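Notes for the structure review
What follows is the residue order along each chain.
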Amino acid sequence: MISAEHTHKAHLAILKAQFNFAMDERDWSQAQQYLERFHELAQNRSLTHIESHCLFAKLYFQNKKWRSTAVHLYLAIMAPYGTFRRRRGVA
């Protein structure tokens, strides 16, 4: 039987692959949609939460949106704190 954890990881992997394909095709709006869903699912796991913000920074960097790139790099640094607070029910 496949566990919920494996299903969750598979869904994240599929979304990341779809994001990468959209980036290769330079379909920025589609890439952002995949990434937003990836971020929603990744928030309760520190490493994938960090990865989601790094991918957002990559997307914005490709679009020359420097402020958004910087914001998401900062959020990548702060992501473990947000994940910890969310797990404790503080946020």
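Residues numbered from 1 in each chain as written. Predicted model: local features only at pLDDT ≥ 70, side-chain atom pairs only at ≥ 80, totals over all residues. Heavy atoms only, no water.

1. Looking at the overall build of the chain
Along the chain, the regular secondary structure elements total 4 helices and 0 strands. Secondary structure of the chain in N-to-C order comes out as α-α-α-α. Here the chain has a C-alpha radius of gyration of 14 Å; the compact-globule value for 91 residues is 12 Å, and the two agree. For the chain, the spread of C-alpha atoms along the principal axes amounts to about 40 × 35 × 15 Å. Here the contacts in the chain between residues at least 6 apart in sequence split such that 52% fall between residues at least 24 apart. (Helix = DSSP H or I, 4+ residues; strand = E, 2+ residues; numbered from the N terminus. Rg over C-alpha atoms; globule rule 2.2 N^0.38 Å. Contact = heavy atoms within 4.5 Å.)

2. Quick word on the packing of helix H1 (residues 4-24) against helix H2 (residues 28-42)
At their nearest, the axes of H1 and H2 sit 8 Å apart, and the two run at 160 degrees to each other. As the angle between them shows, H1 and H2 are arranged roughly antiparallel. Like other packed secondary-structure pairs, H1 and H2 cross with a definite hand, here left-handed. Residues His8, His11, Leu12, Leu15, Lys16, Gln18, Phe19, Ala22 and Met23 of H1 form the contact with H2, whose own contacting residues are Trp28, Gln30, Ala31, Tyr34, Leu35, Arg37, Phe38, Leu41 and Ala42. Among the residues making up the contact of H1 with H2, the classes are represented as 12 nonpolar, 4 polar and 2 charged. (Axes fitted to C-alpha atoms, helices over the stretch in contact; angles between N-to-C directions. Parallel < 35°, antiparallel > 145°, perpendicular 65-115°, else oblique. Left-handed = near helix turned anticlockwise from the far one by under 90°. Nonpolar A, V, L, I, M, F, W, Y, C, P; charged D, E, K, R; others polar.)

3. Let's talk about the environment of Phe19
The residue Phe19 is located in helix H1 in this model. Expressed as a C-alpha distance, the spacing of Phe19 and Gln32, which sit 13 residues apart in the sequence, is 7.5 Å. In this structure, Phe19 is in contact with Ala31, Tyr34, Leu35, Leu55 and Leu59, ignoring residues within four places of it in sequence.

4. Here's the deal with the nonpolar core
Ranked by internal contacts, the top residues of the largest apolar core, which has 14 residues, are Phe19, Ala31, Leu35, Phe38 and Leu59. Mapped by element, the contributors of at least two residues to this core are H1, H2 and helix H3 (46-62). Non-local contacts of Leu59, meaning those with residues more than four positions away in its chain, are made with Phe19, Met23, Trp28, Ala31, Gln32 and Leu35. (Core = buried A, V, L, I, M, F, W, Y, C linked by side-chain atoms within 4.5 Å. Buried < 20%, exposed > 50% of the residue type's maximum accessible area, 1.4 Å probe, protein only.)

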